[in-house]
Amino acid sequence: MMADEPLVLGIETSCDETGVGIVRGTTLLADAVASSVDTHARFGGVVPEIASRAHLEAMVPTIERALKTVGICARDLDGIAVTAGPGLAGALLVGVSAAKAYAYALNKPLYGVNHLASHICVDQLEHGPLPEPTMALLVSGGHSSLLLAPDITADVRPLGATIDDAAGEAFDKIARVLDLGFPGGPVIDRLAREGDPKAIAFPRGLTGSRDPLYDFSFSGLKTAVARWIEAKRNAGEEVPVRDVAASFQEAVVDVLTRKAVRACKDEGVDHLMIGGGVAANSRLRALAEERCERAGIRLRVPRPGLCTDNGAMVAALGAEMVARNRPASDLELSADSSLPVTEPHVPGEAHAQGHAHGDGHAHGHDGGHSHDHDHVHEVSKKNLY
């Protein structure tokens, strides 16, 4: 850690975790999290309005806790980074508003960054600078994506994504069918260790010769598992919960790792980074390690605490933006619930307009198409709160 490396605070509020991290360069100094997951558990899933209110209550105390952990004042920071999207609109709005307020009051540069790109960049805090390009498999409650990132701050290219239920969402739904509570991932992972992954031959979605190479589908698997359980119950038979958990989990991680390793081979990339909440799954880690070793691919997976949503990942990407002299966002930054992964960060209006009008039309990293943001909030300097 060098004293002249950027010291950045990151704020993450895309879902039900209020995360605040502080990073100097690629060194993690503080990772404070306030979770509202227990409140959502009684409803069987995340309730957006409850999440937003929880972020409001937790924001300032969590920021103060992070600063206290490092032993610095807010004015010592070199920049403020915040998740601008994608995510729940109301939850994002709380984080973006807080970040703008701190940036304005402290006269510090503001960086609105992409949630998915942050999940990739967090690995720098554990395993050092990312290789370029980086191949990333992101698996969470809302996303299952294969991404190629030649430059995590400016060039992230989607190779494949889920076309229906994401992997984490499928875990939650099957846990609900089995009456295991919410969230479903950790409990299924735990029960699966005592079950037989070969007990039930559940389907592997989108693995046929004519199917998209890198896209994912877990809706059919979810339905097949639910119907299998229903048939057992209708017949008055006991459902072998551990075997169901193990067989379902194996079907998910088999597809994820198979497609990720193939993407590495096809793109000539000799390493794979896995991130997102489902990356904490023990079987996913083990099977990925197995298959990567056989294929001569180096596997990079952050520790479980850095896989779930956290402020450290946002701070990591923010610090990288500062280090590479990327343009800061301005105080008109908006929460964008559908911010595409091809936009790792949201630059200020002056930079964006200059980029768009340089030759008469805007260019994106997806081949020349501009993206119309679904802006849910516009705040000027005069109206900051």
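Everything numeric in this text was worked out from a predicted model, so none of it was measured.

To continue, consider the pattern of salt bridges. Scanning the entire structure with this criterion turns up 21 salt bridges. Put simply, Glu132, Asp151, Glu320, Arg324 and Arg326 are held in one network by salt bridges that share partners.

Before going further, it helps to spend a moment on the sheet that holds strand β9 (residues 271-275). Taking strand neighbours across the sheet as the criterion, the five strands line up as β8-β7-β6-β9-β10 in an open arrangement whose pairing is mixed. What marks the edges here is a single partner per strand, and that holds for β8 (155-161) and β10 (298-300). This sheet shows a mean twist of 25° between the axes of neighbouring strands, independent of strand direction. Sheet analysis places β9 next to β10, joined by three bridges and oriented parallel. Looking across to β10, one finds that Leu272 is bridged to Leu299. Helix-sheet contacts for helix α9 (residues 241-267) involve β6 (134-139), β7 (144-151), β8 and β9, and the interaxial angle to β6 is about 165°.

A few words now on the packing of helix α8 (residues 219-234) against α9. Here α8 crosses α9 at 165°, and the two axes come no closer than 11 Å. One way to sum up the angle between α8 and α9 is to call them roughly antiparallel. Judged by the sense of rotation from one axis to the other, the crossing of α8 with α9 is right-handed. Taking contact as the criterion, the partners of Leu221, Val225, Trp228 and Ile229 in α8 are, on α9, Val244, Phe248, Ala251 and Val252. For the contact of α8 with α9, the per-class residue count stands at eight nonpolar, no polar and no charged.

The next thing to look at is unusual backbone geometry. Glycine aside, negative phi is the norm for most residues, and most peptide bonds take the trans geometry. A cis geometry characterises the amide bond from Gly85 onward to Pro86, with omega recorded as -10°. Tracing the backbone through its elements, the reader meets Pro86 in the loop between β4 (79-85) and α3 (89-106). Residues Glu132 and Pro133 are joined by a peptide bond in cis, for which omega reads 0°. Counting through the fold element by element, Pro133 comes out in the loop between α5 (124-127) and β6. Here the phi dihedral of Leu206 falls at roughly 55°; this positive angle occurs in a residue that is not glycine. For Leu206, the position within the fold is in the loop between α7 (184-192) and α8. Backbone geometry at Asn325 places phi at a positive 55°, although glycine is not the residue there.

About the cut-offs
Residues numbered from 1 in each chain as written. Predicted model: local features only at pLDDT ≥ 70, side-chain atom pairs only at ≥ 80, totals over all residues. Heavy atoms only, no water. Salt bridge = Lys/Arg side-chain N within 4 Å of Asp/Glu carboxyl O. Pairing = 2+ DSSP bridges. Helix = DSSP H or I, 4+ residues; strand = E, 2+ residues; numbered from the N terminus. Axes fitted to C-alpha atoms, helices over the stretch in contact; angles between N-to-C directions. Contact = heavy atoms within 4.5 Å. Parallel < 35°, antiparallel > 145°, perpendicular 65-115°, else oblique. Left-handed = near helix turned anticlockwise from the far one by under 90°. Nonpolar A, V, L, I, M, F, W, Y, C, P; charged D, E, K, R; others polar.

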